[in-house]
2 protein chains.
Amino acid sequence: MASTKMMHLGAFALASGHHVAGWRLPGAQAGSENLELLKHIAMTAERGKFDLFFLADALNTSPTMHPSMVVRLEPLTLLSVLSTVTSRIGLAATASTTYSEPYNLARLFASLDHLSGGRAAWNIVAGAFPAAAANFSLKEHPEHSERYRIAAEFVEVAKGLWNSWEDDAVVMDKDSGVYVDAAKMHVLDHHGAHFNVKGPLNISRPPQGYPVFIQAGASDTGRDLAASVAEIVFAVLQDLDTAKAFADDLRGRVRKFGRNVDHLKIMPGVCPIVGESEKDARAKLAELGARADAATSLRVLSERMGHDLSAFDLDAPMPQLPPSGMMQGHAVTLAALAARDGLTLRELRDFTSAAMGHRLLLGTPEQIADGLEEWFVAGAADGFNVMPPWFPGALDDFVDHVVPVLQKRGLFRTEYEGTTLRDHLGLPRPAHPAAAVAATNAAE
Amino acid sequence: MASTKMMHLGAFALASGHHVAGWRLPGAQAGSENLELLKHIAMTAERGKFDLFFLADALNTSPTMHPSMVVRLEPLTLLSVLSTVTSRIGLAATASTTYSEPYNLARLFASLDHLSGGRAAWNIVAGAFPAAAANFSLKEHPEHSERYRIAAEFVEVAKGLWNSWEDDAVVMDKDSGVYVDAAKMHVLDHHGAHFNVKGPLNISRPPQGYPVFIQAGASDTGRDLAASVAEIVFAVLQDLDTAKAFADDLRGRVRKFGRNVDHLKIMPGVCPIVGESEKDARAKLAELGARADAATSLRVLSERMGHDLSAFDLDAPMPQLPPSGMMQGHAVTLAALAARDGLTLRELRDFTSAAMGHRLLLGTPEQIADGLEEWFVAGAADGFNVMPPWFPGALDDFVDHVVPVLQKRGLFRTEYEGTTLRDHLGLPRPAHPAAAVAATNAAE
Ligand SMILES: Cc1cc2nc3c(=O)[nH]c(=O)nc-3n(C[C@H](O)[C@H](O)[C@H](O)COP(=O)(O)O)c2cc1C
Ligand SMILES: Cc1cc2nc3c(=O)[nH]c(=O)nc-3n(C[C@H](O)[C@H](O)[C@H](O)COP(=O)(O)O)c2cc1C
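A brief report on the enclosed structure follows. This is a predicted model, so every value here is computed, not measured.

Rules used in this analysis
- Residues numbered from 1 in each chain as written.
- Chains lettered and ligands numbered in written order.
- Predicted model: local features only at pLDDT ≥ 70, side-chain atom pairs only at ≥ 80, totals over all residues.
- Heavy atoms only, no water.
- Near = heavy atom within 4 Å.
- Areas by Shrake-Rupley, 256 points an atom, 1.4 Å probe, with all protein chains shown as cover.
- Helix = DSSP H or I, 4+ residues; strand = E, 2+ residues; numbered from the N terminus.
- Nonpolar A, V, L, I, M, F, W, Y, C, P; charged D, E, K, R; others polar.
- Phe/Tyr/Trp six-rings, centres within 6.5 Å; stacked < 30°, edge-to-face > 60°.
- Buried < 20%, exposed > 50% of the residue type's maximum accessible area, 1.4 Å probe, protein only.
- Polar contact = N/O pair within 3.5 Å; in protein donor to acceptor, adjacent residues only side chain to side chain.
- Pairing = 2+ DSSP bridges.
- Right-handed = clockwise from strand over helix to strand, strands pointing away.
- Salt bridge = Lys/Arg side-chain N within 4 Å of Asp/Glu carboxyl O.
- Contact = heavy atoms within 4.5 Å.

## Some details on the site of ligand 2
All names here are of chain B.
Point 1. Near ligand 2 there are 23 residues, and of these Asp57, His144, Tyr148, Ser219 and Met326 occur at the shortest range.
Point 2. When isolated, ligand 2 has an accessible area of 620 Å², and the protein chains bury 97% of it.
Point 3. Elements with a minimum of two residues in the shell around ligand 2: α5 (144-162) and α10 (328-341).
Point 4. The dominant element in the shell around ligand 2, judged by the number of residues it contributes, is α10, at 3 residues.
Point 5. Class assignment for the residues of the shell around ligand 2 results in 12 nonpolar, 10 polar and 1 charged.

Written out as structure tokens, the structure is:
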């Protein structure tokens, strides 16, 4: 382990770019189904020594959605393929607790963790998009607090399933003929408000014990779930004071749950545009803005605010809207920004088209490194999810020009020290409950 | 396309071997979680020009299950990885219609088909193992006919979801800014007895249109589902007459459904043991038998018969049992075999331990090729699912010694002619319904 604390970096791979018009730039490649591009992104992020490669998800679509989300490869199968062209970088998939079965999902993540040699992470989402309900034979998207109750129970069940077999349960001893040690198998027998799951899971314990848990909820309930289980928190934050307050609040909750604050890494999103000068970077942003489709941009903002904004006056100040129960992380941050800067709906729409509400960092590699360092040193962030506005250029620029500056300043690793994602993040591998009991007994 | 009809071959990958003791042989490697072994199997099968690599599945486990099934990598993530070390062979996963959601499963298979360049196949099972119910918050495994009604509706929904986007719907035209052509998107809006699924699916149409459909039900209902949708039927058959009758029955049903009989490939399982002589092969079988665990073998037979046999007298004749509604393919075949040869329960148990009821072919490469040719020429089979009793040796033997004999006889391809699994099988790519309508209009 490095003695000085290092920043963590994730590469957020909306592969048609985070800017709604990113795919239209002359040098850009498009497509969340473009496997060669996705391989390039993962390999470039690994070349840049990033902690993880991160895929968003949704269980619905529409032609006016963000281009990166309309059609796309399924995250767990895609990450399985990407595990073969990388060897160190973590592989994070977003998956919903509202629209899947714990047995199926626990199994998929365990399999990815095995296939990748301990590099899987799960972004636990309660499912932000109500339109998914109609794809899953449900009349209605469960309401906010119910979604979070389901999510909390789902995670408990998944953990229990990953503990079905102790780490050394699979013996495969040819001489004795013992294939598995039945005494090291544990039947979960979970009976809860939302799930009844007996177990055991039909796959052995993941190399990391559990995949790394990521969470991005920003409401009070969401923060509590994050504080109780998450190891990475993904957030949408615009200014340092708010970010610091968010981090302090979250760390306070982590302590309340009796956890070690070092085991929670707060990683807000940042959208970097590297230029030869700040002016050059601003010109690139303007070039992107000129290509943005207004309807798509407004839909992205509507989705993030949780309200359909198509009937509002674009040139009036951004309307005040009641909380929607959808994506509070974005909604609160964007509303605060509009209020702070007195933005019209049109101005907020155009801002959101660049990075969906995430912090924009424009300028020279040094300026971008300054922006990251400032938040890191202030304790507002343990790292960042880097959201390149287009691919592959904007990520290549970050890896080739910003990462070396961070490394020179001693803020970021120059080489991986371990092989699993838990290693990169300095997170402990959760012991199997039976092993934990055995250790306590031995100590007594 | 070759002018003479060729046999099709699948490599059935129960990676600890099909024989319950396969993993215990000195040269054997064990483990359905052994990625290097699984890669070797897939690559060897591709070297042998096999049509497909095939994974079974179950959604429950137990330490006394068949060793190959106790703990194992999840099929769709595993096949995604195997798609990277192969380029032609089809990749088939078994997946249940009783314990998954059509939106999630259709998406996973579409993704695998994209990642593999059109090589995915889905073995549609209604879920043979009642123990799965307790892992999915269900009080009871739905009964036989209900499972098949769910399966039939599930497949219709999945097809509809795969048709969400016409083949050329994703435009990504930088100049006009059109990302997808909304006119080529189709909303399914399915409302049925078991599922309500709106769509569209969030992934573009699979390269093969749909993955290749496999089915292995043997009951009357199962055969009808196979005849209406399957393109490969996987069967457990012991003698030529029964196999011919099965094939004739199935082809009759295919015609009744108005389908082309050439679009259904009947591929019974065969378990080959290649030796320098028949005696040598029999000695290998005896060596395996000596290592078989009696309890595991009896559990495998119980599972296949759909009845717990542990209380019966091992040395009395195999008891007559009522149909169980579990795996009729195996139950009927094994019961008939016991009756024909007057087997005791112990004898049937030992027979089943070798290949779970599938046909054993023992002897020289020529003898094994004879056994395959006989059924193929008689029209009892369009090909075979090869179930090596241990890995990697028994598959290596088949590829190195039996495949060349089949090739010399003109019964099996010497090179792949196409790139997709549909190409290998000579199956048409299903046109998108809208394209089919357009073609009809143009012809009028
Ligand atoms: C930065 C960020 C990224 C998110 N990514 C996804 C996503 O990919 N898919 C999804 O369904 N929800 C996503 N969400 C939604 C949250 O996980 C959460 O379900 C939602 O914000 C509602 O919780 P809250 O009210 O606590 O914020 C994201 C939220 C944030 C803040
Ligand atoms: C050769 C063969 C292989 C099968 N493989 C599986 C499997 O891997 N997983 C599963 O759940 N069911 C499997 N089945 C079960 C069938 O797909 C089907 O659900 C079951 O046999 C009940 O249908 P039936 O009564 O029509 O035979 C298999 C059946 C046969 C005959």
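Text resumes after the structure shown.
## What to know about the packing of aromatic side chains
Point 1. Per the stated rule, a full pass over the model turns up 30 aromatic pairs over all chains.
Point 2. An angle of 50° between the planes, with centres 5.2 Å apart, marks the rings of A:Phe54 and A:Phe234 as tilted. Of this pair, A:Phe54 sits in strand β2 (residues 52-55) while A:Phe234 sits in strand β10 (residues 232-235), and the two are 180 residues apart along the sequence. Each member of the pair, A:Phe54 as well as A:Phe234, carries the same accessibility label: buried.
Point 3. Here the aromatic rings of B:Phe12 and B:Phe54 are separated by 4.8 Å at their centres, their planes lie at 65°, and the arrangement is edge-to-face. Of the two residues, B:Phe12 sits in strand β1 (residues 8-12) while B:Phe54 sits in strand β2 (residues 52-55), which places them 42 residues apart along the sequence. B:Phe54 matches B:Phe12 in its accessibility class, with the two residues each being buried.

## Here we look at the site of ligand 1
Residues and elements named next belong to chain A.
Point 1. Near ligand 1 lie 23 residues; those nearest to it are Asp57, His144, Tyr148, Ser219 and Met326.
Point 2. A distance of 2.6 Å separates a nitrogen atom of ligand 1 from a polar backbone atom of aspartate 57.
Point 3. Against a free-state accessible area of 620 Å², the protein chains account for coverage of 97% of ligand 1.
Point 4. At the level of elements, α5 (144-162) and α10 (328-341) are the ones that each hand at least two residues to the shell around ligand 1.
Point 5. For the shell around ligand 1, the leading source of residues is α10, giving 3 residues.

## Overview of the pairing of β2(B)
Residue and element names in this part refer to chain B.
Point 1. Judged by which residues are buried, β2 turns out to be covered on both faces: Leu52 and Phe54 on one side and Phe53 and Leu55 on the other are all buried.
Point 2. Pairing between β1 and β2: 3 bridges, direction parallel. Its bridge partner being in β2, alanine 11 is matched across the sheet by phenylalanine 53.
Point 3. Crossover connection from β1 via helix α1 (residues 35-47) to parallel β2: handedness right-handed.
Point 4. In this sheet, strand β3 (residues 90-96) lies alongside β2 in parallel orientation, the contact comprising 4 bridges.

## Brief notes about the pattern of salt bridges
Point 1. Counting across every chain of the model gives 56 salt bridges over all chains.
Point 2. Between A:Arg349 and A:Asp350 there is a salt bridge, and its shortest N-O distance comes to 3.0 Å.
Point 3. For A:Asp350, a relative accessible area of 38% puts it in the partly exposed group.
Point 4. Across the salt bridge formed by B:Glu146 and B:Arg149, the nearest N and O atoms sit 2.9 Å from each other. Taken as a pair, B:Glu146 and B:Arg149 lie in helix α5 at a separation of 3 residues, close to a single helical turn.
Point 5. Judged by its relative accessible area of 23%, B:Glu146 is partly exposed.
Point 6. It is possible to trace a salt-bridge network through shared partners that takes in A:Asp220, A:Arg223, A:Asp224, A:Asp249 and A:Arg253.

## Some details on helix α11 (residues 345-355) of chain B
Residue and element names in this part refer to chain B.
Point 1. Where α11 is concerned, the buried positions are Leu345, Leu348, Arg349, Thr352, Ser353, Ala354 and Ala355.
Point 2. In this fold, the buried residues of α11 make contact with β11 (265-274), α8 (278-291), α9 (294-305), α10 and β12 (359-363).
Point 3. Backbone geometry just after α11 places methionine 356 at a positive phi near 55°.

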